[in-house]
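# Structural characterization, general
Here is what each chain is made of, one letter per residue.
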Amino acid sequence: MTAPGTTLPHDDEPLPPARFAYETRTWQEVAHLLVNLPMGIAGFVYAVFTLSLGAGLTVTVVGLPLLAVGLLGARRLGQAERARARKLLGVRVEEPSPMRVLDGGGFFGRLWLTLKDPVGWRTMLYAFIRLPWGVVTFTVTLVGLFVLWPVLPFIARGLTNADRAMVRGLLCPSDELERRIAELESDRGVVVDTAAADLRRIERDLHDGAQARLVALAMGLGLAKEKLLEDPDAAALMVDEAHGEVKLALQELRDLARGIHPAVLTDRGLNAALSSVASRCTVPVKVTADLPTRPAAAIEGIAYFTVSELLQNVSKHSGARSASVEVWRAEDRLLIQVWDDGRGGARLDGGTGMAGLADRLGAVDGLFVIDSPQGGPTTITAELPWRDRTADHASGARRP
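Residues numbered from 1 in each chain as written. Predicted model: local features only at pLDDT ≥ 70, side-chain atom pairs only at ≥ 80, totals over all residues. Heavy atoms only, no water.

## Some details on the overall build of the protein chain
Counting secondary structure elements, the protein chain contains twelve helices and five strands. Taking all 400 residues of the protein chain together, the buried fraction comes to 34%. In the protein chain, of all internal contacts separated by at least 6 residues, the share reaching a separation of at least 24 is 71%. For the protein chain, the exposed surface amounts to about 23900 Å²; the carbon and sulfur share of it is 62%. (Helix = DSSP H or I, 4+ residues; strand = E, 2+ residues; numbered from the N terminus. Buried < 20%, exposed > 50% of the residue type's maximum accessible area, 1.4 Å probe, protein only. Contact = heavy atoms within 4.5 Å. Areas by Shrake-Rupley, 256 points an atom, 1.4 Å probe, with all protein chains shown as cover.)

## Things to note about a nonpolar patch on the surface
Side chains of Leu142, Val143, Phe146, Val147, Leu148, Val151 and Phe154 sit close together on the surface and give an oily, nonpolar patch of about 690 Å² of accessible area. Among the elements that take part in the nonpolar patch, helix H4 (residues 118-146) stands out by supplying three residues, more than any other. In this fold, Val147 is placed in the loop between H4 and helix H5 (152-171). Overall, the relative accessible area of 57% leaves Val147 in the exposed class. (Patch = residues over 30% accessible without salt bridge, like charges linked within 9 Å, V, L, I, M, F, W, Y side chains within 5 Å. Salt bridge = Lys/Arg side-chain N within 4 Å of Asp/Glu carboxyl O.)

## Some thoughts on unusual backbone geometry
Phi at Glu331 takes a positive value of approximately 55 degrees, unusual for a residue other than glycine. One can find Glu331 in the loop between strand S2 (323-330) and strand S3 (333-340). By relative accessible area, which is 71% here, Glu331 ends up exposed.

## Remarks on the packing of helix H2 (residues 63-89) against H4
For the pair H2 and H4, the least separation of the axes is 8 Å and the interaxial angle reads 65 degrees. Between H2 and H4, the crossing angle belongs to the class labelled roughly perpendicular. Remark: the crossing between H2 and H4 carries left-handed chirality. On H4, the residues that touch Leu67, Gly70, Leu71, Ala74, Arg75, Leu77, Gly78, Glu81 and Arg84 of H2 are Val119, Gly120, Trp121, Thr123, Met124, Tyr126, Ala127 and Arg130. Its residues assigned to classes, the contact of H2 with H4 comprises nine nonpolar, four polar and four charged. (Axes fitted to C-alpha atoms, helices over the stretch in contact; angles between N-to-C directions. Parallel < 35°, antiparallel > 145°, perpendicular 65-115°, else oblique. Left-handed = near helix turned anticlockwise from the far one by under 90°. Nonpolar A, V, L, I, M, F, W, Y, C, P; charged D, E, K, R; others polar.)

## Quick look at the packing of H2 against helix H3 (residues 106-115)
Running from amino to carboxyl end, H2 crosses H3 at an angle of 55 degrees, the nearest separation of the two axes being 9 Å. Considering their axes alone, H2 and H3 lie oblique with respect to each other. Two packed elements cross with a definite hand, and for H2 against H3 that hand is left-handed. Contacts between H2 and H3 involve Leu64, Pro65, Leu67, Ala68, Leu71 and Leu72 from the first element and Phe107, Leu111, Thr114 and Leu115 from the second. A class-by-class count of the residues in the contact of H2 with H3 yields nine nonpolar, one polar and no charged.

## Topic: the sheet that holds S2
Pairing between the strands of a sheet is mediated by backbone hydrogen bonds and can be parallel or antiparallel. Here we have five strands laid out as an open sheet, ordered S1-S2-S3-S5-S4, and mixed in their pairing. At either end of the open sheet lies a strand with only one pairing partner, and these are strand S1 (285-290) and strand S4 (367-371). Sheet twist, expressed as the mean angle between neighbouring strand axes with direction ignored, is 10 degrees. Relative to S2, S1 runs parallel, the two sharing six bridges. Looking at S2, one finds that Thr288 is bridged to Glu326. Those strands touched by helix H9 (residues 270-279) are S1 and S2, and its axis lies near 170 degrees from that of S1. Strands S1, S2, S3, S4 and strand S5 (378-385) of the sheet are contacted by helix H10 (residues 297-318), whose axis makes an angle of about 10 degrees with S3. (Pairing = 2+ DSSP bridges.)

## Observations regarding the nonpolar core
Leu311, Val325, Ile336, Phe368 and Leu384 are the most contacted members of the largest nonpolar core, which totals 33 residues. Looking at which element gives the most residues to this core, the answer is H10, with eight residues. Judged by nonpolar contacts, the second largest core, of 16 residues, contains Val91, Ala156, Leu159 and Met166. (Core = buried A, V, L, I, M, F, W, Y, C linked by side-chain atoms within 4.5 Å.)

## Section: the pairing of S3
Within S3, six of the eight residues are buried, leaving the element largely enclosed by the surrounding structure. Bridge count for S2 against S3 is eight bridges, and the pairing is antiparallel. When the sheet's bridge partners are listed, Trp328 is paired in S3 with Leu335. As consecutive antiparallel partners, S2 and S3 are separated by two residues, and within that stretch Glu331 has a phi angle of approximately 55 degrees, a positive value. Relative to S5, S3 runs antiparallel, the two being bridged by eight bridges. Each bridged residue has a counterpart across the sheet, and for Leu335 the counterpart in S5 is Glu383.

## Description of the confidence of the model for the protein chain
Summary statistics for the protein chain give a mean pLDDT of 76 and a share of 75% for residues scoring 70 or more. Within the model, the stretch residues 1-11 combines pLDDT values under 50 with five contacts to residues more than four positions away or in other chains. Here residues 391-400 is a poorly scored stretch, pLDDT under 50, and it has three contacts once near neighbours within four places are set aside; other chains count. (pLDDT = per-residue confidence, 0-100.)

## Quick look at the packing of aromatic side chains
Counted according to the given criterion, the structure contains two aromatic pairs. Aromatic pair Phe44 and Phe128: ring centres 5.6 Å apart, planes at 90 degrees, arrangement edge-to-face. Of this pair, Phe44 sits in helix H1 (residues 24-56) while Phe128 sits in helix H4, placing them 84 residues apart in sequence. Take Phe44: its relative accessible area is 27%, and that puts it in the partly exposed class. Residue class for Phe128 comes out partly exposed when judged on its relative accessible area of 33%. (Phe/Tyr/Trp six-rings, centres within 6.5 Å; stacked < 30°, edge-to-face > 60°.)

## Regarding the pattern of salt bridges
What the rule picks out here adds up to six salt bridges. We note a salt bridge from Arg157 to Glu29, for which the minimum N-O separation is 2.7 Å. On the criterion of sequence distance, the pair formed by Arg157 in helix H5 and Glu29 in helix H1 is long-range, its members being 128 residues apart. By relative accessible area, which is 0% here, Glu29 ends up buried. The salt bridge involving Glu29 is made with Arg164; its shortest N-O contact spans 3.0 Å. With Glu29 in helix H1 and Arg164 in helix H5, this pair connects stretches of sequence that are 135 residues apart. Side by side, Glu29 and Arg164 carry an identical accessibility label, which is buried. Three or more residues are tied together by salt bridges with common partners; here these are Glu29, Arg157 and Arg164.

Right, dumping it as structure tokens:
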């Protein structure tokens, strides 16, 4: 008799080594199904004891606090079940958001917040369901190991698919809502930081530009007033210089106002405003705007400043010979595409303000995509949510 793994005299290939009939994933699913029973018993006992004790003592002062503590413990139980599902079932499930602490809510505010915690209550429901389900899965899997082992992988896959559905339905953040709340909180922080940075920029531009020029103008006019009788010619020359300073100050104020919100954007819309920006670019720019109606003022402003910043980058950093800007609406999105034939290599971390643009668009549920290989060309696509301008006007008309 030849030992396994040896080569027979007339064999062309050695015999394959002996191995288990089941793959690793099948053994993990079998282990999960067998552990369902002890975990189901533990969860069921915990849920019944906690709810019965808390509900039975609600007539006293300790009933509701005990129930709240039980719900906090249920969160820990759900955390353990999610970890088991990730390890043995490969379920990609995220942890729910932590409990929110209300500022100034006191003991009763925190108590009420815990008692209405949907994560804790869904975990309690999960614990109730798991005991009968654990009995079924343990029994079927144990019988399958000894009697139905040829088809056990198929049985295990069907039972664990039900487990996966329970975990996703009861232990996941509900309907993506909590993840969306976290994203909106992050976006709100970006909006606040961006607004603060814009205010600091406006203050700096006023202080270093128009304000300094107006101070110099006032001093010059004061000196001209003193010399008006003594030396009229010198006073006239100083007034002429002051007149030039006034023109420069007005130009700086117009530039500053254009940086806050250009008048052409308000009066004539995005097409005319982008054409005005393109005319100031050092590279020939072709502008195409296919917008049958105007979007909301806030969306229009973000689109304008996005294109303005991108065209400034084209002028300063791209080395391009030509560029183009296309703006159009696709269902409920406003799409912007800026292209140039420059040297390429644009990145979010390249120090050209791209990261700030991406953050600003992300704060309003937009997208910012860069396609800029070395050697060019560069294509930058931005998306913004479309909101009708008429809705903004209607809401504005209702304001007192």
